[in-house]
Amino acid sequence: MGEGKGQRVTTTLDPPHPGPSSSTHSVKRRERASVHGGAGLPFALRRASPLATGGCSHVGRRRAPHWPLPGGGARERLDLGSVGLKGRLLGLEAEEEAQAMVLALRYLGSVCGLARRGFPGGFSAACAPVPGKAWMLCQGGRRASTSSFDVVIIGGGIVGLASARALILRHPALSIGVLEKEKDLAIHQTGHNSGVIHSGIYYKPESLKAKLCVQGAALIYEYCNQKGISYKQCGKLIVAVEQEEIPRLQALYERGLQNGVQDLRLIQQEDIKKKEPYCRGLMAIDCPYTGIVDYQQVALSFAQDFQEVGGSVLTNFEVEDIEMAKESPSRSKDGMKYPIVIRNTKGEEVRCQYVVTCAGLYSDRISELSGCNPNPRIVPFRGDYLLLKPEKRYLVKGNIYPVPDSRFPFLGVHFTPRMDGSIWLGPNAVLAFKREGYRPFDFSARDIMDIIIKSGLIKLVFQNFSYGVNEMYKACFLSATVKHLQKFIPEITVSDILRGPAGVRAQALDRDGNLVEDFVFDGGVGDIGNRILHVRNAPSPAATSSLAISGMIADEVQQRFKL
């Protein structure tokens, strides 16, 4: 958690950067006119009035802003309509009047969207908030209460932001807010994602995972084309390097066909060499529909869509309590229209009618806060990546994956190209000693006690003891990981790799030690439980599936809450 009050977040996309391959897709956005030649001006005046409930500031709804005048002078209200600036500035000195008009032009530039992406460094550079301050977003939208919403989404990752976007596009008359505990959006599972657009080949036919992944991949490609977000449809090879793997590979191929994955084919050694000249293998599944993208960029685009049509995002809001209001707020015109009170660690409150939680690594704790069932419990698994040195990147062209072993819960170490041209190798899968423990020695006593006492981890360890020991060994010794990688690309040596980033996966686990492999959505009973939808388990490929998941969540919200 950052210091200071809950604050608005400004989200945008950096200009799409072409990848190293000619297959990179990037659709140019329409050129936007600058406002009155103001190419050097920031987009908007973004200082907002703090909430009455503790100083939080919200974003996303157009309202007549109060602008502070130089020297702490009196504020004059300006109403900004769809056709221009209404009202007058009275009693200002010439210098103050000029500055106020500049601020007005900046605000109009943001609301009308005429000058977006017109600044060096992109939208974020132009609108970066000052630490400790509450700032208005470059926004459009409608007027609404700054502390009360019809629907609140808890969690500013890719699933939460996609769901917020889907809900507001489907129900534009509703006031909808997103609460995020960090100062920035999409920085945990989304921001540490490998970036693969999965095809849907791995998952059990007719499962939600399979259906949502296949549908979601198509939607992600379509969305990136519409928004001008760069991606590469670089394909994937799932390679059998041992004779005993071939039956599993063929079964996986049949599963992919059942799931409706596009353009799958089984290929032999000579075709493997054509696709990946340095890769060895006996047989492989060629999956050309697999791609790569920067999911944090996609998530920020979802947030921008959400805010542009009136949605609100409140960052630095770590939820500590969810309860029913005991009485109407004093002087409230809404009475008990917003009966749920969501309180953060600083005592600030937001009220709403309904709640959707997409809390990722904290989904079980948020469910428990609301009085709902905490099971399945979340167990964090850290995945460490290695990096191929730049001079060795020529060894890998697309994604190269091993044949998964159904006895073990993870896919195994693989080769993953990135949009910036780097090559990630990994990840392993080891228990993290903290829910956001990206480093080996990150530790939380509470997280560890939860894992040992409340989850089925001990049973999982006994069921997969040899696998777990092997993963720990590979995490400690690079040579062990390189030995595995050499099964696919023999030219790789220890001197060719560097230690890279890590991610933490929120793995749902039942009390019997079984991994919960499919998406889980539930609510509860009672006054609060009937007003909450929990997204309890959204495992990989949740990023690929995010748009498809958001559609299903919007359907469920509409049905449960009778919107």
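Cut-offs and rules
- Residues numbered from 1 in each chain as written.
- Predicted model: local features only at pLDDT ≥ 70, side-chain atom pairs only at ≥ 80, totals over all residues.
- Heavy atoms only, no water.
- Helix = DSSP H or I, 4+ residues; strand = E, 2+ residues; numbered from the N terminus.
- Buried < 20%, exposed > 50% of the residue type's maximum accessible area, 1.4 Å probe, protein only.
- Contact = heavy atoms within 4.5 Å.
- Areas by Shrake-Rupley, 256 points an atom, 1.4 Å probe, with all protein chains shown as cover.
- Phe/Tyr/Trp six-rings, centres within 6.5 Å; stacked < 30°, edge-to-face > 60°.
- Lys NZ or Arg CZ within 6 Å of the ring centre and 35° of its normal.
- Salt bridge = Lys/Arg side-chain N within 4 Å of Asp/Glu carboxyl O.
- Pairing = 2+ DSSP bridges.
- Polar contact = N/O pair within 3.5 Å; in protein donor to acceptor, adjacent residues only side chain to side chain.
- Disulfide = S-S within 2.5 Å.
- Axes fitted to C-alpha atoms, helices over the stretch in contact; angles between N-to-C directions.
- Parallel < 35°, antiparallel > 145°, perpendicular 65-115°, else oblique.
- Left-handed = near helix turned anticlockwise from the far one by under 90°.
- Nonpolar A, V, L, I, M, F, W, Y, C, P; charged D, E, K, R; others polar.
- Patch = residues over 30% accessible without salt bridge, like charges linked within 9 Å, V, L, I, M, F, W, Y side chains within 5 Å.

A.B. asks: Before we move on, could you go through the overall build of the protein chain and cite the residues and values that matter?
C.D. replies: When helices and strands are tallied, the protein chain shows 14 helices and 24 strands. For the protein chain, the proportion of its 563 residues judged to be buried stands at 54%. Long-range pairs, those at least 24 residues apart, make up 76% of the contacts in the protein chain with a sequence separation of at least 6. Split by element, the accessible area of the protein chain, about 24400 Å² in all, is 52% carbon and sulfur.

A.B. asks: Can you break down the packing of aromatic side chains residue by residue, with the values?
C.D. replies: Counting across every chain of the model gives 10 aromatic pairs. A ring pair is formed by Tyr-221 and Tyr-231, whose centres lie 5.1 Å apart and whose planes are at 55°; its orientation type is tilted. One end of the pair, Tyr-221, is in helix H4 (residues 208-227); the other, Tyr-231, is in strand E8 (residues 231-232), and 10 residues separate them in sequence. With a relative accessible area of 5%, Tyr-221 lands in the buried category. Residues Tyr-473 and Phe-477 carry aromatic rings whose centres are separated by 4.9 Å and whose planes lie at 40° to one another, so their mutual orientation is tilted. Of the residues examined, Phe-477 reaches a relative accessible area of 43% and is grouped as partly exposed. A cation over a ring is seen here: Arg-418 above Trp-424, with NZ or CZ 3.8 Å from the ring centre.

A.B. asks: So, the pattern of salt bridges: which residues are in play, and what are the values?
C.D. replies: Tallied over the full model, the rule gives 27 salt bridges. Lys-326 serves as the salt-bridge partner of Glu-323, at 3.4 Å between the closest nitrogen and oxygen. Glu-323 is the salt-bridge partner of Arg-343, the closest N and O atoms lying 3.0 Å from each other. Taken together, the positions of Arg-343 in strand E15 (residues 340-344) and Glu-323 in strand E14 (residues 319-324) put the pair 20 residues apart, joining distant regions of the chain.

A.B. asks: I'd like a rundown of the pairing of strand E24 (residues 532-537), residues and numbers included.
C.D. replies: A regular strand carries its side chains on alternate faces of the sheet. Counting buried positions along E24 gives 6 out of 6 residues, so the element sits mostly inside the fold. Relative to E24, strand E16 (residues 349-357) runs parallel, the two sharing 3 bridges. From the neighbouring strand, Val-356 faces E24, where its bridge partner is Leu-533. Relative to E24, strand E23 (residues 520-522) is paired through 3 bridges, and the arrangement is antiparallel.

A.B. asks: Give me the side chain of Gln-507: which residues, what numbers.
C.D. replies: Along the chain, Gln-507 falls in strand E22 (residues 497-509). One polar contact links the side chain of Gln-507 to the main-chain carbonyl oxygen of Val-516, over a distance of 3.4 Å. Discounting residues that sit within four places of it in the chain, Gln-507 has contacts with Arg-377, Ile-378, Val-379, Phe-381, Phe-410, Leu-515 and Val-516.

A.B. asks: Help me get a handle on the state of the cysteines, residues and values and all.
C.D. replies: Disulfides are covalent bonds that link the sulfur atoms of two cysteine residues. Counting across every chain of the model gives 0 disulfides. The cysteine Cys-287 is free of any disulfide, with Cys-213 supplying the nearest cysteine sulfur at 9.4 Å.

A.B. asks: Please give an account of the environment of Phe-415 that cites residues and values.
C.D. replies: Locating Phe-415 in the fold gives a position in strand E19 (residues 414-417). Take Phe-415: its relative accessible area is 0%, and that puts it in the buried class. Sequence separation of Phe-415 and Lys-236 is 179 residues, and the distance between their C-alpha atoms is 9.5 Å. Residues contacting Phe-415, with those up to four places away along its chain left out, are Val-396, Gly-398, Asn-399, Ile-400, Trp-424, Leu-425, Leu-485, Phe-488, Ile-489 and Ile-492.

A.B. asks: Give a description of the packing of helix H3 (residues 158-170) against helix H14 (residues 542-561) that names residues and reports values.
C.D. replies: Contact geometry of H3 with H14 gives a least axis separation of 8 Å together with a crossing angle of 45°. One element, H3, and the other, H14, form an angle in the oblique class. In this structure, H3 meets H14 at a crossing whose hand is right-handed. The segment H3 lies against H14, with Ile-158, Val-159, Ala-162, Ser-163, Arg-165, Ala-166, Leu-167 and Arg-170 engaging Ala-542, Ala-543, Ser-546, Leu-547, Ile-549, Ser-550, Gly-551, Ile-553, Ala-554, Asp-555, Val-557 and Gln-558. Within the contact of H3 with H14, the residues separate by chemical class into 12 nonpolar, 5 polar and 3 charged.

A.B. asks: So what's going on with a nonpolar patch on the surface? Which residues, and what values?
C.D. replies: Taken together, the side chains of Met-449, Ile-452, Ile-453, Ile-458 and Phe-462 make up a nonpolar region of the molecular surface, amounting to roughly 530 Å² of accessible area. Elements that contribute at least two residues to the nonpolar patch include exactly helix H9 (445-454) and helix H10 (457-463). Ranked by the residues each element gives to the nonpolar patch, the list is headed by H9, at 3 residues. For Ile-453, the position within the fold is in helix H9.

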